[in-house]
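Examination of the molecular architecture
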2 protein chains.
Amino acid sequence: MGEHWDVSLRHLAWQAIEAALDDAKTTDIDALYVGNMLAGRLSHQDHLGALIADYSGLRGAEAVAVEAGEASGAIALRQALLAVKSGEIKTALVVGVEKATDQTGSEALSAQSTSLDADYETMHGVTPAAVAGLMMQRYMHEHQVELENFAGFSVNAHANAGANPLAMYRNRLKAERFAAAPVVSAPVNLFDAAPVADGAAAVVITSHERALAMAPKPVRIAGSAVATDGFALHDRQDILWLSAVTKSTQAALKRANLAIEDIQLFELHDSYTVMSALALEAIGLAERGQGWQLAAEGKIGRDGPYPMSTFGGLKARGNPLGATGLYQVVEASLQLRGEAGDCQIPDVKIGLTQNLGGSGATAVTHILRV
Amino acid sequence: MGEHWDVSLRHLAWQAIEAALDDAKTTDIDALYVGNMLAGRLSHQDHLGALIADYSGLRGAEAVAVEAGEASGAIALRQALLAVKSGEIKTALVVGVEKATDQTGSEALSAQSTSLDADYETMHGVTPAAVAGLMMQRYMHEHQVELENFAGFSVNAHANAGANPLAMYRNRLKAERFAAAPVVSAPVNLFDAAPVADGAAAVVITSHERALAMAPKPVRIAGSAVATDGFALHDRQDILWLSAVTKSTQAALKRANLAIEDIQLFELHDSYTVMSALALEAIGLAERGQGWQLAAEGKIGRDGPYPMSTFGGLKARGNPLGATGLYQVVEASLQLRGEAGDCQIPDVKIGLTQNLGGSGATAVTHILRV
């Protein structure tokens, strides 16, 4: 995680694929699903399904690229799950890959803004940070909350990242420094926003029976769901309610035959602290306007009832955009397998991962269990 | 089909979606699959799943964008089919949409070239036309064929487009003019290459039982398959054999429990005449080096044994890149339903559509029947 200027897009993907195939103890792959957001813009390279299949020794196999802005990683996993469930694909490989830092400045910002509405948002200067700023400003006004009340999310992320050797920011962050950080797009500041990064992560998906025969410690995806919301922020009835998060969470829980109270681990899309607060409210863990309190009261820590961002989350592990959703799934899987090293939470059997695109126009939720 | 500068990307998609929903007599859609190639580059807009779902009255529904270069349309259909087959999605909507002509010159060329290898092809000046030129040159050398021998493909496409009011080029094309056309990338010339266009096409996919209850004239997708090849042309063992075409055709036929001899209609990816010749060879209708003869001998005409490009194909109907694969499926469906108007072929019950990405690195084949 970080800046990988010495590794090509395809090789970055391969590094994750190699690790996933090693872990799953198979090379017998029928289909490849690639999640990516920026390659067409920043690497002048689309058609990543065939490209990465070829480079990874899967020439000939079915392969496709899947995109939903910053939710591209998890939504690629969703396609693989449906493909395996259909019976036509026996074993699928899913990789999320992003080379986000090869270009900087206006070109990078323009590319990162393509998940927002080009005609009604980006054209007028609204960027991902700006849209988060608008939401945070409204949240603070509506619920009488101050900037420092959001500090708990970033403090927790940095504390957890300290135990993750692959994280970008392993330094401790104090609440006082959070509140005093330089402003990016008011009130969003530097320690509020997750850093965009290069990265790749991959998983192998197969049927329950095959998984048991194939790998020593398979994790079951018990539920999976995608939902959408109004695309542009101004066009939603309520900009402080992430309705796609609610819908996809409820649908994934229903498919898993579980309730939110059963979830022991939460890898949410903490791209900005306000998104974490809103997600905790929309998934039903906090009342409206009180999501920030779970962080402020330490309830999202590794020893709390709602452990969040256990490897550092987008904020401190880093946010490789189209790969982020698969980082979440890999990290949750390591937790469920008891292989999370110094990041480990005790006795965790059921986890939830949630990946958002744009300002929440797409929400992808997966429920994992062992 | 053509240049739609007065219609936005989302509205172009909606026009096709409205027609598909009207035709299927439903508005009850669980998931939207969007095929598109260029929007991130040319419209600064990605995240088309949520965008088009919202604009089409499907806010809340599962939605995703799917990409495989010029094969994006058909590969979006493939995901919808697997989703419906999985049982989690009851009814899916698939739309292919492309706004390719809002920008011209180097920016358009750069965007259209993203389906080739950025590091090993495009960087050195290889464009889609150039890569087709390399293949055609080799074909002519290897098989002792002249440029004029390929004329039959374009002549047939224009003749068929004359009966299609939505086609871009409805004028008759004579073989003499084909051979004398200005050269684009030797030996590919202006009448050899399909014109890039704006356009959108959509279909509704549901289970067999639901389709019978829903729509008056449903078409069955009997087989569907995706295969890949070496990504860069120079990296294939044999640049005159489209191995992904062979693989995906054989897999689709097997799933449909049919043989190539059963197919009565062929909507192939005639982006360049050499691609048509190579595809006819790779799907098993012609010996190596003889694909062009089927066109030269008039066997691909509407009254021939292998009718091809019956609405004009990519060459004369136009090539809206990420939407092309769905144009093929819509046109084949109209043929099978006997609703092809002046383009109608008599007594056609089984058709094959095939959509290629890059220089054949991805091939997507569907078998349709009534």
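Nothing here was measured: the structure is a model prediction, and the numbers come from that model.

**Notes on the packing of helix H6 (residues 128-143) of chain B against helix H11 (residues 273-282) of chain B**
Residues and elements named next belong to chain B. Packing of H6 against H11 leaves a shortest axis separation of 9 Å and a crossing angle of 60 degrees. With respect to each other, H6 and H11 are oriented oblique. H11 is crossed by H6, and the crossing has left-handed handedness. Facing Ala132, Met135, Met136 and Tyr139 of H6, the residues of H11 in contact are Val274, Met275 and Ala277. For the contact of H6 with H11, the residue count by class is 7 nonpolar, no polar and no charged.

**Overview of the pairing of strand S9 (residues 350-357) of chain A**
Residues and elements named next belong to chain A. Of all 8 residues in S9, 7 are buried; the element is thus mostly enclosed. Of the strand pairs in this sheet, strand S8 (residues 265-267) and S9 are connected by 3 bridges, and their pairing is parallel. Paired with Phe266 across the strands is Leu352, a residue of S9. With 8 bridges joining them, S9 and strand S10 (residues 362-369) adopt antiparallel strand pairing. Bridging from a neighbouring strand, Ile350 pairs with Arg369 of S10. With antiparallel pairing between neighbouring strands as the criterion, S9 and S10 make up a hairpin whose turn holds 4 residues, including Gly358 at a positive phi of roughly 60 degrees.

**With respect to the nonpolar core**
If you look at the biggest cluster of nonpolar residues, it comprises 272 residues, and the most contacted ones within it are Val94(A) and Val94(B). Once you skip the residues sitting within four places of it in the chain, Val94(A) turns out to touch Tyr33(A), Ala76(A), Leu77(A), Ala80(A), Ala202(A), Val203(A), Ile205(A) and Leu326(A).

**A look at the sheet that holds S10(A)**
Pairing is mixed in the open sheet, where 4 strands are placed in the order S7-S10-S9-S8 (chain A). This sheet does not close on itself; its edge strands, each paired only once, are strand S7 (220-228) and S8 of chain A. Recorded for the sheet is a direction-independent mean angle of 15 degrees between the axes of neighbouring strands. This element, helix H3 (residues 48-55) of chain B, spans S7, S9 and S10 of chain A of the sheet and lies at about 50 degrees to S7(A).

**A short note on the relation of the copies chain B and chain A**
Expressed as a screw transformation, the operator carrying chain B onto chain A has a rotation angle of 180 degrees and an axial translation of 0.0 Å, and the superposed copies differ by an RMSD of 0.0 Å. In short, the pair behaves as if placed about a two-fold rotation axis. Within chain B, the C-alpha atom positioned nearest to the axis of rotation is that of Ser86(B), 1.9 Å from it. A share of 100% of interface residues in chain B that are also interface residues in chain A marks the association as one of identical surfaces.

The rules behind these values
- Residues numbered from 1 in each chain as written.
- Chains lettered and ligands numbered in written order.
- Predicted model: local features only at pLDDT ≥ 70, side-chain atom pairs only at ≥ 80, totals over all residues.
- Axes fitted to C-alpha atoms, helices over the stretch in contact; angles between N-to-C directions.
- Helix = DSSP H or I, 4+ residues; strand = E, 2+ residues; numbered from the N terminus.
- Parallel < 35°, antiparallel > 145°, perpendicular 65-115°, else oblique.
- Left-handed = near helix turned anticlockwise from the far one by under 90°.
- Contact = placed C-beta atoms within 7 Å.
- Nonpolar A, V, L, I, M, F, W, Y, C, P; charged D, E, K, R; others polar.
- Buried ≥ 20, exposed ≤ 12 C-beta atoms within 10 Å, placed from the backbone.
- Pairing = 2+ DSSP bridges.
- Core = buried A, V, L, I, M, F, W, Y, C linked by C-beta atoms within 7 Å.
- Least-squares fit on C-alpha atoms with pLDDT ≥ 70 in both.

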